[in-house]
Amino acid sequence: MYPKNTWYVACTPDEIATKPLGRQICGEKIVFYRGPEGKVAAVEDFCPHRGAPLSLGFVREGQLVCGYHGLEMGCDGKVISMPGQRVRGFPCIRSYPVEERYGFIWVWTGEADKADPALIHHLEWAVNPEWAYGGGLYHINCDYRLMVDNLMDLTHETYVHASSIGQKEIDEAPVNTKVEGEQVVTSRYMENIMAPPFWRAALRGNGLADDVPVDRWQICRFSPPSHVMIEVGVAHAGKGGYHAEPQHKASSIVVDFITPETETSHWYFWGMARNFKPEDAELTATIREGQGKIFSEDREMLELQQANITRHPERKLLMLNIDAGGVQSRRMIDQLLAQEKPA
Amino acid sequence: MYPKNTWYVACTPDEIATKPLGRQICGEKIVFYRGPEGKVAAVEDFCPHRGAPLSLGFVREGQLVCGYHGLEMGCDGKVISMPGQRVRGFPCIRSYPVEERYGFIWVWTGEADKADPALIHHLEWAVNPEWAYGGGLYHINCDYRLMVDNLMDLTHETYVHASSIGQKEIDEAPVNTKVEGEQVVTSRYMENIMAPPFWRAALRGNGLADDVPVDRWQICRFSPPSHVMIEVGVAHAGKGGYHAEPQHKASSIVVDFITPETETSHWYFWGMARNFKPEDAELTATIREGQGKIFSEDREMLELQQANITRHPERKLLMLNIDAGGVQSRRMIDQLLAQEKPA
Amino acid sequence: MYPKNTWYVACTPDEIATKPLGRQICGEKIVFYRGPEGKVAAVEDFCPHRGAPLSLGFVREGQLVCGYHGLEMGCDGKVISMPGQRVRGFPCIRSYPVEERYGFIWVWTGEADKADPALIHHLEWAVNPEWAYGGGLYHINCDYRLMVDNLMDLTHETYVHASSIGQKEIDEAPVNTKVEGEQVVTSRYMENIMAPPFWRAALRGNGLADDVPVDRWQICRFSPPSHVMIEVGVAHAGKGGYHAEPQHKASSIVVDFITPETETSHWYFWGMARNFKPEDAELTATIREGQGKIFSEDREMLELQQANITRHPERKLLMLNIDAGGVQSRRMIDQLLAQEKPA
């Protein structure tokens, strides 16, 4: 159950740099590649000649060539040519609206005529040179909404990420959830606490003392269909917390694009955007490695949670105050699904 | 098809020494751990908050804590607490009667009010200091009853274990099967034969000549639901065989606890108990290693036998005299199953 | 959908040299071994005693012995003996007509009374000492007919095998397909072209210049149920091409026996027969290694093609002129299938 009339992150440019990429998104097998003039293109991963996957082919002068018998496919899903053949009567395959923006390739798997690129949300950190970004991709075997739940309830950090970003005070701080237009915002502020290891390292990385009390914040913002941006950070206590001047804090945005593959699996694009030392590539790599380890800790939990839910579809899960972020997010997803349902 | 109103071996204490253990038994996903005062406990491996597996959590002061969001579960399946929550109205999960005895953790997956610990059979070798025990655990992809059949018909030793405990004389010696109360007993005695390699080593291990004829015996005892204890040994020929004085023989008890996981897989707890040199830990380790190798030889045969039977459910297998032990054992199992059937 | 009243290659003699071989062919689990007097035999891989796979057993004096409890099976599927048992009333298992010929073991999985060894096609290269043969076996997860299609349309060489035997001129040369009795023949001739790497090496291997223009040919011959022999070669240009004298050319026969395992998997016996330097074992090994690499390039394409077809069973694939070889071959297969259908 995933909305299709919406933009999902499909891949990153490096994944299509040298050859086409086959990837299943929202149940559709799609091949992504750079078409004419380097513009990104996406068509069904199915050659109309004999059903071969086009992703095993190659790109020649901006056209996708089937690696089995050389059929040349246009980025509109119409066959351009084939050695020794007249192709006019050949069946077409589906093509998908696709956009390259903010360092990602976005795909629309629903009705093509509704695919307005302006619907892709603005991402300031992706275009402003004062910000740096590093991230990665995980394949996770669970419903993409379990990942949304996970990210909209950060009390799990205390348990799943106990050695890095978790701390008891997260559990104890009240959480506030509200709907702001097309966003669900869940926020939590902790005052005068000691920072956990990941944030101590971030403070040091920003030239700040790590052995003094801090104020910490987490502001999770869900946008449909399944993007979660989380403002996170710590400031030396009493300097204004979230609103402290840059010289008193270390902060960043956790970036999560969650793209359904099937009903029970998804592609998880995770990363971190920061607005301090943006030119420091080594720091970007260090943060990326640390985040990668932390985020890999969620996988086993989520996949076994999915297995449990699949075994017991009749069981209603609890919806506590800490779950409000996920509950509201799913409500927005349900609205999108309802809009797509045929009358 | 497995009885549920009965005690099965679930695990060994070392498996829950440092963290909870998730294990499926009789189709039920269960988490085993040490609860209050170190007493063993078992509840469903399903957190009532969001369906996370509790086995990924940890034990804090005798209480199981969910590793996702910190829900604290009681060993009775009732939620004790959760950070920032009132838990009174939380749904319960199932708890399972569980006992630690004889070096094993036993679980009852049926109706809890019928779970009488006195129904666990006495195991003299497990409590008498004149005995030593070593063993291991294999996961086998076949119906647990195929393993019962295997152990109640030791003619397979001649073929499956030809290089260790097998010998032609097993095939040739008559076998006797009888039902004694709640046991099925299948016995075979061979006189004046040469011992196979495993038993030659056992004779030497007990300080006895290994190059002289011996009398050999195998007495298999099945007890419901699926425990098989096998008295095995050799004595120098003419010294009384099974009844020979200790200084003339090497003998032991093969211990087999066979615990269903699903309809076509089981947990196989195997081991050997001996009443000579019980203090010799090195000998225990050596025997354990040898037995582990021998018992691993059955796996491929049993798993492919299961695959064949699954392919041909309509075929009736033969029930020869050598199969009488398995046939009688299955009859006892069927009686238990009939008792459990709703009227 | 595979004909059963026909001979398929089941295995090679080395596969049954030391022990029985269990292999599924046309949906049947079969055990192959050398029976009395070393004659090859094939019976169901199912012991009538307890369903154990007979392929885990061994051969004793030409009789197959079950490795579980020693039942001795005859090559006619009738039980010969079992330790301590009267076997007269034991159920039989199915036996399969089987022939050893041309360096292969052939099996007939249909009605036994129709199994005439004379129906196995003559293979001159296998019996004539002027020829040498080397080959191998791949297991491929696709319908065997996709492999027939593959081999009856060699335009794929240009794409799948671009670095070895592929070249643009294959695409450009006209192809001719005709039915000759019980054969489908697809042929292509290319004149005055430069040879691709594999054929340059073959020219050198035969002591011929590799940097001059050549004539190249490919003559694919399909015989039911699924054998494809392909005459391939190059001759120095203008020397008569296919009909050139041996001192001007390098040529061979690509040998393909395609044996269904299930509806969507098959055993692919591939090889190459050549009639130059037949005594040169090192050359045989070199060619075999090169061919093995080339033929392994088809696997991913075919298996993902199968996956695509399975996802879209409603889609009709194109049947172009280049596909005529496969189309005609499938027509012959369909005729065999129609003959087997009960009236």
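The written sequence of each chain sets the order in which its residues are numbered from 1. Each chain takes a letter, starting from A, and each ligand takes a number, starting from 1, following the order in which they are written. Under the rules for a predicted model, residues below a pLDDT of 70 receive no local features and side-chain atom pairs below 80 are neither given nor counted, while totals for whole chains, interfaces and linings still include all residues. Each side-chain value is derived from all of the structure's non-hydrogen atoms; neither hydrogens nor water enter the calculation.

**Here's the deal with the overall build of chain A**
When helices and strands are counted, chain A shows 7 helices and 17 strands. As defined in this context, the radius of gyration uses C-alpha atoms, and a globule is described by 2.2 Å times the residue total to the power 0.38. Relative to the 2.2 N^0.38 estimate, which gives 20 Å for 343 residues, the radius of gyration of chain A is 22 Å and therefore close to what a compact globule would have. Based on the C-alpha atoms only, the size of chain A along its principal axes is roughly 75 × 50 × 35 Å. The buried share of chain A, taken over its 343 residues, is 57%. In chain A, the 35 positive side-chain charges and the 46 negative ones have mean positions that sit 5 Å from each other. In DSSP terms, a helix is any run of H or I states spanning at least four residues, a strand is any run of E spanning at least two, and both are numbered starting from the N terminus. Residue exposure (1.4 Å probe, protein chains only): buried if accessible area is under 20% of the type maximum, exposed if over 50%, otherwise partly exposed. Only four residue types enter the tally: Lys and Arg on the positive side, Asp and Glu on the negative side, with His and both chain ends excluded. The location of each charge is read from NZ of Lys, CZ of Arg, CG of Asp or CD of Glu.

**Digging into helix H7 (residues 324-340) of chain C**
Residue and element names in this part refer to chain C. The end-to-end C-alpha separation of H7 is 25 Å, in line with the 24 Å expected for 17 residues at 1.5 Å each. When H7 is considered as a whole, its buried residues turn out to be Gly325, Gly326, Val327, Ser329, Met332, Ile333 and Leu337. Two residues qualify as a contact provided that any one of their heavy atoms is within 4.5 Å of a heavy atom in the partner residue. If you follow the buried residues of H7, they end up packed against helix H2 (144-152), strand E12 (175-180), strand E13 (183-193) and strand E14 (214-223). Expected span of a helix: the number of residues minus one, times 1.5 Å.

**A word on the pairing of strand E4 (residues 40-44) of chain C**
Residue and element names in this part refer to chain C. Across the 5 residues of E4, 5 count as buried, placing the element largely inside the fold. Pairing geometry for strand E3 (residues 28-34) and E4, over 5 bridges, is antiparallel. Note on E4: the bridge partner recorded for Val31 is Val43. Two strands make a pair as long as DSSP finds a minimum of two bridges between them. The turn joining E3 and E4, which pair antiparallel and follow one another in sequence, is formed by 5 residues; a positive phi near 60 degrees is taken by Glu37.

**Regarding the relation of the copies chain C and chain A**
If you rotate chain C by 120 degrees and push it 0.0 Å along the axis, it lands on chain A with an RMSD of 0.0 Å. On this basis, the relationship between the two copies can be described by a three-fold rotation axis. Across chain C, the rotation axis passes nearest the C-alpha of C:Asn141, at a separation of 14 Å. A least-squares fit on C-alpha atoms brings the copies together, and the residues used are those whose pLDDT is at least 70 in both copies.

**Concerning the interface of chain C and chain A**
Taken together, the contact pairs 28 residues of chain C with 27 residues of chain A. Between Lys or Arg on one side and Asp or Glu on the other, a salt bridge is scored when a side-chain nitrogen of the former is within 4 Å of a carboxyl oxygen of the latter. In this structure, the connection of chain C to chain A is made through 2 salt bridges. Here C:Asp149 ties to A:Arg50 by a salt bridge, and the two come within 2.9 Å at their closest N and O atoms. We define a polar contact as two N or O atoms separated by no more than 3.5 Å, with the added condition that, inside protein, one atom must be a possible hydrogen donor and the other a possible acceptor, whereas residues neighbouring each other in sequence contribute only through side-chain atom pairs. In this structure, the connection of chain C to chain A is made through 12 residue pairs in polar contact (both at pLDDT 80 or more). Residue assignment for the side of chain C that touches chain A shows that the elements contributing at least two residues are H2, helix H3 (157-160), helix H4 (168-172) and helix H6 (281-311) of chain C. The element contributing the most residues to the side of chain C that touches chain A is H6(C), with 8 residues. Throughout this entry, Asp, Glu, Lys and Arg are counted as charged residues, while Ala, Val, Leu, Ile, Met, Phe, Trp, Tyr, Cys and Pro are counted as nonpolar. The remaining residues, Gly among them, count as polar. Of the residues contributing to the side of chain C that touches chain A, the split by class is 12 nonpolar, 7 polar and 9 charged.

**Focus on unusual backbone geometry**
Residue A:Pro225 is reached from A:Pro224 by a cis peptide bond, and omega for that bond is 0 degrees. Its location among the elements puts A:Pro225 in the loop between strand E14 (214-223) and strand E15 (227-236). Located in the positive-phi region is C:Glu61, a residue other than glycine, with phi close to 50 degrees. By the secondary structure assignment, C:Glu61 is in the loop between strand E5 (58-60) and strand E6 (63-65).

**Focus on the interface of chain C and chain B**
Taken together, the contact pairs 27 residues of chain C with 28 residues of chain B. For the pair chain C and chain B, the summed buried area comes to about 2300 Å², and 57% of that belongs to carbon and sulfur atoms. Counting the surface chain C buries against chain B, the share from its top three residues, C:Phe46, C:Arg50 and C:Tyr68, is 34%. Linking chain C with chain B are 2 salt bridges. Between B:Arg315 and C:Glu44 there is a salt bridge, with the nearest N and O atoms lying 2.6 Å from each other. Buried area counts how much accessible surface, traced with a 1.4 Å probe, disappears from two parts once they are put together, with both parts' losses summed.

**Describing H6(C)**
Compared with an ideal rise of 1.5 Å per residue, which puts 31 residues at 45 Å, H6(C) spans 45 Å between its outermost C-alpha atoms and is within 8% of the ideal. For H6(C), the N-terminal cap is C:Asp280; the gap from its side-chain oxygen to the backbone nitrogen of C:Glu282 is 3.2 Å.

**Re the environment of C:Val184**
Residues and elements named next belong to chain C. On the secondary structure map, Val184 appears in strand E13. Looking at Val184, the relative accessible area reads 0%, which means it is buried. The residues touching Val184, leaving out its near neighbours within four places in the chain, are Met152, Thr177, Lys178, Val179, Cys220, Arg221, Phe222, Gly325, Gln328, Ser329 and Met332.

**Description of the packing of aromatic side chains**
Pairing of aromatic rings covers Phe, Tyr and Trp, the last through its six-membered ring, and needs centres within 6.5 Å; plane angles under 30 degrees mean stacked, over 60 mean edge-to-face, and all others mean tilted. Counted under the stated rule, the structure contains 34 aromatic pairs over all chains. On the numbers, 5.3 Å between centres and 75 degrees between planes, the contact of A:Trp106 with A:Phe257 is edge-to-face. In this pair, A:Trp106 sits in strand E10 (residues 104-108) while A:Phe257 sits in strand E16 (residues 249-262), placing the two residues 151 residues apart along the sequence. With respect to burial, A:Trp106 and A:Phe257 carry one shared label: buried. Ring pairs connect the aromatic residues C:Phe104, C:Trp106, C:Trp125, C:Tyr133, C:Phe257 and C:Phe269, which therefore count as one cluster.

**With respect to the pattern of salt bridges**
Close approach of charged atoms allows side chains with opposite charge to pair. In the structure shown here, the tally under the stated rule is 54 salt bridges over all chains. A salt bridge links A:Glu15 to A:Arg23; the shortest N-O distance between them is 2.7 Å. With a relative accessible area of 22%, A:Glu15 lands in the partly exposed category. With a relative accessible area of 8%, A:Arg23 lands in the buried category. Taking the shortest distance from any N to any O, the salt bridge between C:Glu157 and C:Arg216 comes out at 3.0 Å. In this pair, C:Glu157 is assigned in helix H3 and C:Arg216 in strand E14, connecting sequence segments 59 residues apart. C:Arg216 carries the same exposure label as C:Glu157, and that label is buried. Here the residues in one salt-bridge network are A:Lys4, A:Glu28 and A:Arg94, joined through shared partners.

**What to know about the sheet that holds strand E2 (residues 21-25) of chain A**
Residues and elements named next belong to chain A. The strand order across the open sheet built from 3 strands is E2-E3-E4, with neighbouring strands paired in antiparallel fashion. The sheet is open, and its two borders are formed by E2 and strand E4 (40-44), each paired with just one other strand. Direction aside, the axes of adjacent strands within the sheet are offset by 35 degrees on average. In the sheet, E2 pairs with strand E3 (residues 28-34) via 5 bridges, with the strands oriented antiparallel. In the strand pairing of E3, Ile25 is matched with Glu28. Angles here are taken between N-to-C directions and fall from 0 to 180 degrees, while the axes themselves are lines fitted to C-alpha atoms, restricted in helices to the stretch in contact.

**What about the environment of A:Gly110?**
Here A:Gly110 lies in the loop between E10 and helix H1 (124-127). For the pair A:Gly110 and A:Glu182, spaced 72 residues apart in the sequence, the C-alpha separation amounts to 20 Å.

**With respect to the domain arrangement of chain A**
Residues and elements named next belong to chain A. Where each domain begins and ends is defined by an automated method or by a domain database. Each domain of chain A was delimited in the assignment, giving domain 1 (7-119) and domain 2 (126-340). If you average the C-alpha positions of domain 1 and of domain 2, the two centres end up 33 Å apart. With 14 residues of domain 1 at the contact, the number on the domain 2 side is 15 residues. The junction of domain 1 with domain 2 conceals about 1200 Å² of combined surface from both sides, 71% of it contributed by carbon and sulfur atoms. Joining domain 1 to domain 2, the criterion identifies 0 salt bridges. Only strand E1 (7-11), E2 and E10 provide two or more residues apiece to the side of domain 1 that touches domain 2. If you tally residues by element for the side of domain 1 that touches domain 2, the top one is E1, at 5 residues. Of the residues belonging to the side of domain 1 that touches domain 2, the class tally is 10 nonpolar, 2 polar and 2 charged.

**What about the confidence of the model for chain A?**
A score between 0 and 100, pLDDT records how confident the predictor is in each residue. Of the residues in chain A, 100% reach a pLDDT of 70 or more, and the chain-wide mean stands at 96. Both scores are available for the predicted complex, with the pTM at 0.94 and the ipTM at 0.94.

**Focus on the sheet that holds E4(C)**
Residues and elements named next belong to chain C. If you walk across this open sheet you meet the 3 strands as E2-E3-E4, and the pairing is antiparallel. At either margin of the open sheet sits one strand with a lone partner, and together these are strand E2 (21-25) and E4. Across the sheet, the mean angle separating the axes of adjacent strands is 35 degrees when strand polarity is ignored.

**What about the side chain of C:Gln24?**
In this fold, C:Gln24 is placed in strand E2. Setting aside residues up to four positions removed in sequence, C:Gln24 forms contacts with B:Arg311, C:Lys29, C:Pro260, C:Glu261, C:Thr262 and C:Trp267.

**What about the side chain of A:Thr12?**
Residues and elements named next belong to chain A. Here Thr12 shows up in the loop between E1 and E2. Polar side-chain contacts of Thr12 include one of 2.6 Å to the side chain of Asp14. Among residues more than four places away in sequence, those in contact with Thr12 are Gly103, Phe104 and Ile105.

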